[in-house]
Amino acid sequence: MPIFMDVHTIAGGVDIEDVAKAHVADLQTQAGHDVEYQRYWVDEAQGKIFCLVAAPSADAAAAVHREAHGLVADEIYQVQEGS
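Residues numbered from 1 in each chain as written. Predicted model: local features only at pLDDT ≥ 70, side-chain atom pairs only at ≥ 80, totals over all residues. Heavy atoms only, no water.

J.: Help me understand helix α1 (residues 16-29), please; the structure alone is not making it clear to me.
T.: Structural remark: α-helix, 3.6 residues per turn; residues separated by three or four positions point the same way. Here α1 contains 14 residues, and its C-alpha end-to-end distance of 20 Å stays within 8% of the 20 Å for a straight helix at 1.5 Å per residue. Of all the positions in α1, only Val19, Ala22, His23, Ala25, Asp26 and Thr29 are classed as buried. Within α1, the buried residues cover an arc of 160° as seen down the axis, which keeps them to one side. Of the exposed residues in α1, those oriented more than 90 degrees away from the buried face are Lys21 and Gln28. Those residues of α1 that are buried lie in contact with β2 (36-43), β3 (48-54) and α2 (58-68). Here α1 starts with a cap whose side-chain oxygen sits 2.7 Å from the backbone nitrogen of Glu17, and that cap is Asp15. (Helix = DSSP H or I, 4+ residues; strand = E, 2+ residues; numbered from the N terminus. Expected span 1.5 Å × (residues − 1). Buried < 20%, exposed > 50% of the residue type's maximum accessible area, 1.4 Å probe, protein only. Arc of directions from axis to C-beta. Contact = heavy atoms within 4.5 Å. Polar contact = N/O pair within 3.5 Å; in protein donor to acceptor, adjacent residues only side chain to side chain.)

Written out as structure tokens, the structure reads:
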């Protein structure tokens, strides 16, 4: 399944606890879209959130965010893992 990295920008910064709650909502919603949100990273001061997700498409990944909490990513990229 393709892997995507999405990027959210929240003006004024973001609290990691709020992001954790949104991630839980994603996990509760993802099965209906054949999506697996795997990890996320947060830069609280810059208001940046990065989510790693396995999904059949970028649209499916976005649909989970939209349904779970409404915080749709500003950008989403299909990526390949390297080491």
